[in-house]
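Read off the chains here:
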Amino acid sequence: MKRNIKKLTSLLFALVATTCIVLLSDVDAQAAKTHTYKRDKANGVLYNNAVRVDVGSRWNDIVEVLLADKGDYISSVKSNSPDLVAKLTSRSKVKTNDNVFICSVYDNGKSTYKSSNFIEFYATKKGKYTVTVTVKNSKKKVKTKKKIAVYAGYPSDPVASVTYAGKKYNGQSNINICTKKASGKLKIKASDTYTIKKVEIATTFNESGEPIFKKVTNGKKISLSKKTNYTVTWNSYDNYNGYTELRYTTYDYLKPVTHVRVTCYDKKLKINTYAYIWLIYTK
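Residues numbered from 1 in each chain as written. Predicted model: local features only at pLDDT ≥ 70, side-chain atom pairs only at ≥ 80, totals over all residues. Heavy atoms only, no water.

Visitor: Teacher, can you tell me more about the sheet that holds strand β1 (residues 37-40) here?
Guide: Each strand in a sheet pairs with its neighbour through backbone hydrogen bonds, running either in the same direction (parallel) or in the opposite one (antiparallel). The strand order β1-β2-β4-β7-β6 describes an open sheet built from five strands, whose pairing is antiparallel. Every other strand in the sheet has two partners, leaving β1 and β6 (84-93) as the edge strands with one partner each. On average, adjacent strands in this sheet sit at an angle of 20° to one another, irrespective of strand direction. Here β1 runs beside strand β2 (residues 45-48); their pairing, made up of four bridges, is antiparallel. Each bridged residue has a counterpart across the sheet, and for Asp-40 the counterpart in β2 is Val-45. (Pairing = 2+ DSSP bridges. Helix = DSSP H or I, 4+ residues; strand = E, 2+ residues; numbered from the N terminus. Axes fitted to C-alpha atoms, helices over the stretch in contact; angles between N-to-C directions.)

This is the structure in structure tokens:
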């Protein structure tokens, strides 16, 4: 989740950059069916049961495995194919749930986890793989085994292309588009293994600075915001020497921005995910 916060912060500053298109990814993890975390309450394990990774890259989504019982540890991580390397690369003790943001999001703070473990992947070929994670207790006896489905080489971006006012932007799911056209047709095309469920836009904001979305028809004409009299406030968590500080930052747009939110269904992970597009009116 720290990576998601960093991505969001980078996006907000990118709105004033000279580059008009910036790749970014964001998923609303708090909504229903938007993540692959599963909780085994009986054995005290919280983990991702499915993930997408790129081929030929180590910089993939990392699977986190949280263990609730003292003394439990991951004894092995095994891939079912030599074409996928899976390895436990990090493990750390957890003192409080405040130090593991994921607990409060997916587990509602119901469990106190003792350790956080991260597994990384490296795939050499496209395909579906299975990784088996073995958890042992303090007596070195097998407590449970968890299966993780790994989809390698499939698109990680839910949106294949965005077309606005006749101009097409390829290969980027979440982008900033600078345009001098105040209205035009907006067409979103889904990547392979995804489907588009809903397209929404926001040209106004509430008192908290949150966009007010309204549903639009994909491929139909929309009108962009022409005003800049609004701000967005967001928060982030900074951890320093075990102390977590909540910081609030207010951001003022220099140009009128229309927010586009695309709800997509991931056919592989069987979850909903969101892609965000920002149409920046530059006249």
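Back to the text.
Visitor: Please clarify how the side chain of Glu-64 should be interpreted in this entry.
Guide: Along the chain, Glu-64 falls in strand β4 (residues 63-67). Looking at Glu-64, its side chain comes within polar contact range of the side chain of Tyr-37, at 3.0 Å. (Polar contact = N/O pair within 3.5 Å; in protein donor to acceptor, adjacent residues only side chain to side chain.)

Visitor: How do you make sense of the pairing of strand β20 (residues 271-281) when you look at a structure like this?
Guide: For a regular strand, side chains alternate in direction, first toward one face of the sheet and then toward the other. Burial of β20 is extensive: eleven of the eleven residues sit out of reach of the surface. Side chains of β20 alternate between two faces, with Ile-271, Thr-273, Ala-275, Ile-277, Leu-279 and Tyr-281 and Asn-272, Tyr-274, Tyr-276, Trp-278 and Ile-280 buried alike. Here strand β12 (residues 176-179) runs beside β20; their pairing, made up of four bridges, is parallel. In the strand pairing of β20, Ile-177 is matched with Leu-279. (Buried < 20%, exposed > 50% of the residue type's maximum accessible area, 1.4 Å probe, protein only.)

Visitor: Which parts of the structure should I look at to understand the environment of Phe-118?
Guide: Counting through the fold element by element, Phe-118 comes out in strand β7 (residues 115-123). For Phe-118, a relative accessible area of 28% corresponds to the partly exposed category. When the C-alpha positions of Phe-118 and Val-65 are compared, they lie 6.3 Å apart, and in sequence the two are 53 residues distant.

Visitor: Explain the side chain of Asn-48 to me, please; I cannot follow it from the model alone.
Guide: With respect to the helices, strands and loops of the structure, Asn-48 is situated in strand β2. The exposure class assigned to Asn-48 is buried, which follows from its relative accessible area of 9%. Here the side chain of Asn-48 touches Thr-36 through a polar contact of 3.3 Å, side chain to side chain. Polar contacts involving the side chain of Asn-48 include one to the main-chain amide nitrogen of Glu-64, which spans 3.2 Å. Setting aside its immediate chain neighbours within four residues, Asn-48 contacts Thr-36, Tyr-37, Ile-62, Val-63, Glu-64 and Ile-148. (Contact = heavy atoms within 4.5 Å.)

Visitor: I keep staring at the pairing of strand β14 (residues 194-202) and nothing clicks. Help me out?
Guide: Two elements, β14 and strand β19 (residues 257-266), share eight bridges in a ladder whose sense is antiparallel. What sits directly across from Lys-198, in β19, is Thr-263. Pairing geometry for β14 and strand β15 (residues 214-216), over three bridges, is antiparallel. Within the sheet, the bridge partner assigned to Ile-201 lies in β15 and is Lys-214.

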